[in-house]
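The residues making up each chain are set out below.
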Amino acid sequence: MTNHWVDIKNADVVVVMGGNAAEAHPVGFRWAIEAKKQNGAKLMVVDPRFNRTASVADFYSPIRSGTDITLLLGVIKYLLDNDKIQHEYVKHYTNASFLIHEGFGFEDGLFTGYNPETRSYDKSTWSYQLDENGQPKRDMTLQDPRCVINLLKKHVERYTPEMIERVCGTKQKAFQEFAETIASTADPKRTTTFLYALGWTQHTVGAQNIRSMAMIQLLLGNIGMSGGGVNALRGHSNVQGTTDMGLFPSMLPGYIPLPIETDTTLDAFLKRITPKTAVDGQTNYWQNTPKFMVSMLKAFYGENATKENEFGYHNLPKQYKKKMDHMRFIELMDQGKINGYICQGYNPLASYPDKNKISSALRKLKFLIVCDPLATDTSEFWQHHGEYNDVNPADIQTEVIRLPTICFAEEDGSIANSGRWLQWHWKAAEPPKEAKPDVDILAEIREVMLEMYHEEKAQGKTPVSLETIEAMTWDYNNPLEPKADELAKENNGYALEDLYDASGKLIAKKGELLSSFAQLRDDGSTSSAIWIYTGQWTEKGNQMANRDNSDPSGLGNTLGWAFSWPLNRRVLYNRASADLSGKPWNPKRQLVKWNGKNWNYIDVADFGTAPPNSNVTPFIMNNEGVSRLFALNKLTEGPFPEHYEPIETPIGTNPLHPNVVSNPTVRILESDKDRFGDASQFPYVGTTYRLTEHFHFWTKQSNLNMIAQPEPFVEISEELAKEKGIENGDVVKVTSKRGYIKTKAVVTKRVRSIDADGKRIHTVGIPLHGGFATVGKKSFLANTLTGRVGDANTQTPEYKTFLVNIEKVTEAV
């Protein structure tokens, strides 16, 4: 979230797409209801199903799953055609005026530079024109045809209401009302907030779904505004914490990329990833990357990180050409090339796409270690083989080792919620005797590994990992039981020497906790395991434990409640809430204001102390200081969003460009190419979603939850049910190219059939909470049906749109 949960109440329009907040986030959804009560806000929902959020909305329209970009680019066309943009914001705070490389273009579904053999782009033309001083050229009159704003106009001209209805199935009248309502917040005193979740991310164009929405918000001037923003609704707190802490194959903590094999030195790595300031006088905050990186290495390796050994940089793993993400890891497991798998707090058999392939891969391991408080489907994968049901569990070589962990309520620690709030929680109950915190288990594994490596060394062998493991700092009071407060302080960071500011004033003594990432240095005198968390635990104490809910602004910012990264800021890019002179666009929702001499803040300033009309503009995380309607070379499939069909498309073509049907840069591994179907075999669209009664795959171990929702089901429309001879409660078999499930059908008005590209499109809704590791009735896993393909940038699986068939069967479930 650029904003936070409570701030939703300040919106004038609340759009929920790619999510179902009332169902999946029932507590947080109260703030959308508050917006309706306090502001008369209009709540608008677009979703393939009429869900619980839609039931309290002022507007609902169905849409074909996987076509959100078409609808959103149609809104952009409407805003530009009808001059419904916030002109001063767009001109000064976005790259609308920047001129794009003369060689850049888009034709028939492809941007300039596409290589069909590598399925990737040469992005050299996805760049700005530069003047003789190397500065981006701009036309502040926005008349030059190479301006971003004019290229955008040309790009979206195909997204007419007629095309939207053809692609999305959304009626033109409904689209008109949707676009007009959103356009009403081009008025600087009004804001729209967009709420989305996995319904947008779990597509092969997931990142571009979000970008399309962000571009609308920029054109309307809604980024940095109270009641505005780009707001992802996390399914649980650890999702935000995972991204913050860099628990991805290609990331380090604080959103710093992992080195690649050609980064042979720390200096070469930092030169590659640290952006140079593009516009003179701008604040380019990522130019501080060397400070963040060196401080992180000092946290990792302590006294073993010196300037002479490049601060231990060479202890880090390097990415190779093939990034080891979940799809490639499972592929190597299935090929018998990986011996072991440590599964910590995760249930991949239920969470990764194509369950039957996961099952096949797991049975080829030598060992599987599962760290979890509960029995999971993964920890019992041999009990349910799907298409491998002829396998005798005795013939599976995998040795499964279960290490029981405690749950969050049985230990102290912090939780990072959707709004970036780090909130400390205290131990509420004693865990079972045999359970241990995850960190204790990892500490014991480390201890045993060191013992084993030293035994090898004594035998004259050369353990390749010993030096790397020993280089790590592990100076906790009890090395086998690191405590949450020790870890939190390590993440925050320390002054390793006395620190002075530019004037020579002492700002932190050696050994003190840091209070701001502005104190980080690149000379080895500071440590911080994750720079965005610096300030969470300072010399003043645990800021995450703050519980002052006073709210002088009335905007819900409550700066005394917990700690919000970065630096306790509640609304990112809040300098954009005021014009160039520092006057708030909406005085009633003021976040920052220039009083003639200095700034008044309702929130923590997101731009330092630069006065108005300096060259410093709000988007300091981009090296040109403005936000990007044109994304340069950041995304794999293009600097502008474009509609591409799901890999399994029910219409079999792309009405916008039939020669490029699906995302041209999406990755499908060779062994998976024959595991995708088409509409001739599987004519219906499957999509997954959550139910309020269950929390992911965890609560199927709770008797009360199983009583509330005892078994999974699939939902179909009355029209499809009539066509297939299915009645409510009948047992059905749902089949995809990957496998099948059997369950009961719920025939409902909530799922609607729609027309797209001259075809009748039926949707089969599939809740995802089933499984066979349960205190209730053993059942299917929804990912039995889903294909191994994901977003071209993140590899997030395409769970929200895949092809299935459905038939009534007589046998019991």
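Conventions we followed
Residues numbered from 1 in each chain as written. Predicted model: local features only at pLDDT ≥ 70, side-chain atom pairs only at ≥ 80, totals over all residues. Heavy atoms only, no water. Pairing = 2+ DSSP bridges. Helix = DSSP H or I, 4+ residues; strand = E, 2+ residues; numbered from the N terminus. Axes fitted to C-alpha atoms, helices over the stretch in contact; angles between N-to-C directions. Phe/Tyr/Trp six-rings, centres within 6.5 Å; stacked < 30°, edge-to-face > 60°. Buried < 20%, exposed > 50% of the residue type's maximum accessible area, 1.4 Å probe, protein only. Lys NZ or Arg CZ within 6 Å of the ring centre and 35° of its normal. Core = buried A, V, L, I, M, F, W, Y, C linked by side-chain atoms within 4.5 Å. Expected span 1.5 Å × (residues − 1). Parallel < 35°, antiparallel > 145°, perpendicular 65-115°, else oblique. Left-handed = near helix turned anticlockwise from the far one by under 90°. Contact = heavy atoms within 4.5 Å. Nonpolar A, V, L, I, M, F, W, Y, C, P; charged D, E, K, R; others polar. Domains from an automatic or database assignment. Salt bridge = Lys/Arg side-chain N within 4 Å of Asp/Glu carboxyl O. Patch = residues over 30% accessible without salt bridge, like charges linked within 9 Å, V, L, I, M, F, W, Y side chains within 5 Å. Areas by Shrake-Rupley, 256 points an atom, 1.4 Å probe, with all protein chains shown as cover. Lys, Arg positive; Asp, Glu negative; His and termini not counted. Charge placed at Lys NZ, Arg CZ, Asp CG, Glu CD. UniProt positions renumbered as here; feature names shortened; annotations may be inferred.

Read across the open sheet, the 5 strands follow the order β3-β2-β1-β8-β9; overall the sheet is parallel. Bordering the open sheet on either side are β3 (59–61) and β9 (230–232), each of which pairs with just one other strand. When the angles between neighbouring strand axes are averaged without regard to direction, this sheet yields 20°. Of the strand pairs in this sheet, strand β8 (residues 192–196) and β9 are connected by 3 bridges, and their pairing is parallel. Paired with leucine 195 across the strands is asparagine 231, a residue of β9.

Looking along the chain, the bond that leaves tryptophan 565 and enters proline 566 is cis, with omega of -5°. Structurally, proline 566 can be placed in the loop between β23 (563–564) and β24 (592–594). Here arginine 119, not a glycine, exhibits a phi torsion of approximately 55°, which is positive. With respect to the element layout, arginine 119 can be found in the loop between β6 (114–115) and β7 (120–121).

Let us look at the packing of aromatic side chains. The description of two aromatic rings rests on the distance between their centres and on the angle between their planes. Taken as a whole, this structure holds 33 aromatic pairs when the rule is applied. Both rings, one in phenylalanine 98 and one in tyrosine 128, keep their centres 4.8 Å apart while their planes meet at 45°; by these two values the pair is tilted. With phenylalanine 98 in the loop between α4 (87–93) and β4 (106–107) and tyrosine 128 in the loop between β7 and α5 (148–156), the pair connects residues that are 30 residues apart, well separated along the chain. The exposure class of tyrosine 128 is buried, given its relative accessible area of 11%. For the ring pair tyrosine 346 and tyrosine 352, a centre distance of 5.4 Å and an interplane angle of 70° mean the geometry is edge-to-face. Using a relative accessible area of 36% as the deciding quantity, one classes tyrosine 346 as partly exposed. Of the residues examined, tyrosine 352 reaches a relative accessible area of 12% and is grouped as buried. In this structure an aromatic cluster arises from ring pairing among Phe104, Phe106, Phe111, Tyr114, Tyr121, Trp126, Phe630 and Phe640. The ring of tryptophan 31 carries the charged tip of arginine 30 above its face, separated from the ring centre by 4.0 Å. When the ring centre of tyrosine 313 is taken as origin, the NZ or CZ atom of lysine 318, which lies over that ring, is 4.7 Å away.

Turning our eyes to something else, we now look at the nonpolar core. The biggest cluster of nonpolar side chains holds 79 residues, and the ones touching the most others in it are Leu71, Ile76, Leu79, Ile149, Phe178, Ile216 and Leu219. Here this core gets 9 residues from one element, more than from any other, and that element is helix α3 (residues 68–81). The next biggest cluster of nonpolar side chains, apart from the first, holds 42 residues, and it includes Leu258, Tyr285, Met293 and Ile532.

Over its 12 residues, helix α7 (residues 172–183) runs 16 Å from end to end, which matches the ideal 16 Å to within 8%, given 1.5 Å per residue. Of all the residues in α7, the buried ones are Ala174, Phe175, Phe178, Ala179, Thr181, Ile182 and Ala183.

Moving on, we come to the packing of α3 against α5. Relative placement of two packed helices is described by the angle separating their axes and the distance separating the axes. Where α3 meets α5, the closest approach of the two axes is 9 Å, and the angle between their N-to-C directions is 125°. As far as their axial angle goes, α5 and α3 are oblique. Between α3 and α5 the crossing geometry is left-handed. Contact residues: Leu73, Ile76, Lys77 and Leu80 in α3; Ile149, Leu152, Lys153 and Val156 in α5. Looking at the contact of α3 with α5 residue by residue, the classes come out as 6 nonpolar, no polar and 2 charged.

A few words now on the domain arrangement of the chain. Along its sequence, the chain is carved into domain 1 (11–102 + 157–235), domain 2 (326–413 + 432–471) and domain 3 (670–808). Using only C-alpha atoms to locate each centre, domain 1 and domain 2 end up separated by 41 Å.

Time to look at the pattern of salt bridges. Taken as a whole and assessed by the stated rule, the structure comprises 38 salt bridges. When the shortest N-O distance is used, the salt bridge between glutamate 624 and arginine 628 registers 2.8 Å. Like arginine 628, glutamate 624 is buried. A salt bridge links lysine 724 to glutamate 807; the shortest N-O distance between them is 2.9 Å. On the criterion of sequence distance, the pair formed by lysine 724 in helix α20 (residues 718–724) and glutamate 807 in strand β33 (residues 802–808) is long-range, its members being 83 residues apart. With relative accessibility at 21%, the residue lysine 724 sits in the partly exposed group. Looking at glutamate 807, the relative accessible area reads 37%, which means it is partly exposed. Through salt bridges with shared partners, a single ionic network connects Glu331, Lys357, Asp672 and Arg788.

A surface patch of nonpolar side chains, amounting to about 230 Å² of accessible area, comprises Ile342, Phe367 and Ile401. Along the chain, phenylalanine 367 turns up in strand β13 (residues 367–372).

You can see lysine 540 is positioned in the loop between β21 (537–538) and β22 (541–542). Sequence separation between lysine 540 and glutamine 282 is 258 residues, and the spatial gap between their C-alpha atoms is 33 Å.

Our focus in this paragraph is a positive patch on the surface. Positive charge collects at one region of the surface, where Lys189, Lys583, Lys588 and Lys593 lie side by side. Locating lysine 189 in the fold gives a position in the loop between α7 and β8.

Attention now moves to a negative patch on the surface. Side chains of Glu497, Asp498, Asp522 and Asp523 sit close together on the surface and give a patch of like negative charge. Note that aspartate 522 resides in the loop between β19 (506–508) and β20 (526–527).

Let us now look at the pairing of strand β16 (residues 421–425). Taking burial as the measure, the 5 residues of β16 include 4 buried ones, the bulk of the element. By the bridge criterion, 4 bridges tie strand β15 (residues 413–416) to β16 in an arrangement that is antiparallel. Within the sheet, the bridge partner assigned to alanine 416 lies in β16 and is leucine 422. Hairpin connection from β15 to β16: 4 residues lie between these consecutive antiparallel strands, with arginine 420 at a positive phi of about 70°. In this sheet, β23 lies alongside β16 in antiparallel orientation, the contact comprising 2 bridges. Bridging across to β23, leucine 422 finds its partner in phenylalanine 563.

Another aspect to go through is the UniProt feature "domain: Molybdopterin dinucleotide-binding" (unreviewed entry) in the chain. UniProt marks residues 687–802 with the feature "domain: Molybdopterin dinucleotide-binding" (unreviewed entry), using the numbering shown here. Span residues 687–802 is 11% helix and 31% strand, its end C-alpha atoms 7 Å apart.

Where α3 meets helix α9 (residues 206–220), the closest approach of the two axes is 9 Å, and the angle between their N-to-C directions is 15°. What the angle tells us is that α3 and α9 run roughly parallel. Considering how the two elements wind past one another, α3 and α9 form a crossing that is left-handed. Only Gln208, Asn209, Ser212, Met213, Met215, Ile216, Leu219 and Leu220 of α9 make contact with α3, whose side of the interface consists of Asp68, Ile69, Leu72, Leu73, Val75, Ile76, Leu79 and Leu80.

Compared with the 18 Å implied by 1.5 Å per residue over 13 residues, the 18 Å span of helix α12 (residues 289–301) between its first and last C-alpha is a close match. The element α12 is largely enclosed, with a buried count of 11 among its 13 residues. Within the sequence span of α12, burial applies to Thr289, Pro290, Phe292, Met293, Val294, Ser295, Met296, Leu297, Lys298, Ala299 and Tyr301. As for α12, its buried residues are in contact with β10 (251–252), β11 (256–257), α11 (266–273), α17 (466–471), α18 (484–492) and β20. In the segment just after α12, glycine 302 is the residue with positive phi, at about 55°.

Moving on, we get to the sheet that holds strand β12 (residues 340–344). Backbone hydrogen bonds hold the strands of a sheet together, and the pairing may be parallel or antiparallel. An order of β12-β13-β14 is seen for the 3 strands of this open sheet, with the pairing classed as parallel. Two strands in the sheet have a free side with no partner beyond their single neighbour: β12 and β14 (399–404). Across the sheet, the mean angle separating the axes of adjacent strands is 15° when strand polarity is ignored. Bridge count for β12 against β13 is 5 bridges, and the pairing is parallel.

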